[in-house]
Amino acid sequence: PQDAGKYAAVATLAKILLAIGSPLMWLALPLAAGKNFMTVFKYCATTALICLCIVAVFGINPRLFISLFMNINAGTYSQLLVLASLSMTLYAVSFISIASLLCIDRLKPVLLTSAITLLIAIIGLAILFITGTVTLHTVLLLQLLLGACLSGISLVFLYRASRTAR
């Protein structure tokens, strides 16, 4: 039970990065509807930059930040904060790009992106279970890979949509 609470504290602190990207996502939607894709890409880059700065600060002394914000000693779990925060950074960027794609009625690319990411998740989890290497660290690495796929593929589709809109 204590280990679950420590991991929950790390995950909760990392999820702050999702909240940072949310306001920019709402600002990006009218721009996407107006086909102002360069500004949407700037919002994605701004979100990534802000979140990466926070990840860097977390990386300096993760135990300190967990202790400050969550008032617990997370012990060895504090080392997972950077991985979890990087994952949340990628998800924050993907939220903006996917919401923008939905705003311009590009449902097929969103479904394709989701299907590819789901397939990678299933294969990744199967490999982890078959090899017996299911640890919090390996699951967070898989989460990081999924975030990279989700944001990368959705940004490619958003870029393609911006090229056809011109």
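In the block above lies the structure referred to throughout.
Residues numbered from 1 in each chain as written. Predicted model: local features only at pLDDT ≥ 70, side-chain atom pairs only at ≥ 80, totals over all residues. Heavy atoms only, no water.

A few points about the overall build of the protein
Condition: Secondary structure elements follow DSSP: runs of H or I of four or more residues count as helices, runs of E of two or more count as strands, with numbering from the N terminus. Each residue is placed in one exposure class: buried if its accessible area under a 1.4 Å probe, protein chains only, is under 20% of its type's maximum, exposed if it is over 50%, and partly exposed if it falls in between. Whether two residues are in contact is decided by their heavy atoms: any pair within 4.5 Å suffices.
Along the protein, the regular secondary structure elements total seven helices and zero strands. Going from N to C terminus, the protein has its helices and strands arranged as α-α-α-α-α-α-α. Within the span of the protein, comprising 166 residues, buried residues form 42% of the whole. Within the protein, residue pairs in contact and separated by at least 24 positions form 81% of the contacts whose partners lie at least 6 positions apart.

Structural notes on helix α1 (residues 2–14)
Threshold: Helices are assigned an expected span. That span is 1.5 Å times one less than the residue count.
Here α1 is 13 residues long and its end C-alpha atoms lie 19 Å apart, about the 18 Å a rise of 1.5 Å per residue gives. Buried within α1 we find A9, V10, A11, L13 and A14. Taken together, the buried residues of α1 touch α2 (16–33), α3 (37–60), α4 (62–70) and α5 (81–103).

Description of the side chain of T113
Turning to its location among the elements, T113 is positioned in helix α6 (residues 107–131). Dropping the residues within four chain positions of it, T113 is found in contact with L150, I153, S154 and F157.

What to know about the nonpolar core
To keep things clear, this is the line we draw: We call a set of buried Ala, Val, Leu, Ile, Met, Phe, Trp, Tyr and Cys residues a nonpolar core when their side-chain atoms join them within 4.5 Å.
In terms of nonpolar packing, the biggest core is built from 44 residues, with V10, L81 and I96 touching the most fellow members. Looking at this core, the elements that each hand over two or more residues are α1, α2, α3, α4, α5, α6 and α7 (136–165). If you tally residues by element for this core, the top one is α5, at 10 residues. Residues in contact with I96, not counting those within four places in the same chain, are G21, L24, M25, A28, V40, Y43, C44 and T47.

Some details on the environment of C149
Here C149 lies in helix α7. Along the primary structure C149 and A9 are separated by 140 residues, whereas in three dimensions their C-alpha atoms are 26 Å apart. Dropping the residues within four chain positions of it, C149 is found in contact with T117, I120 and S154.

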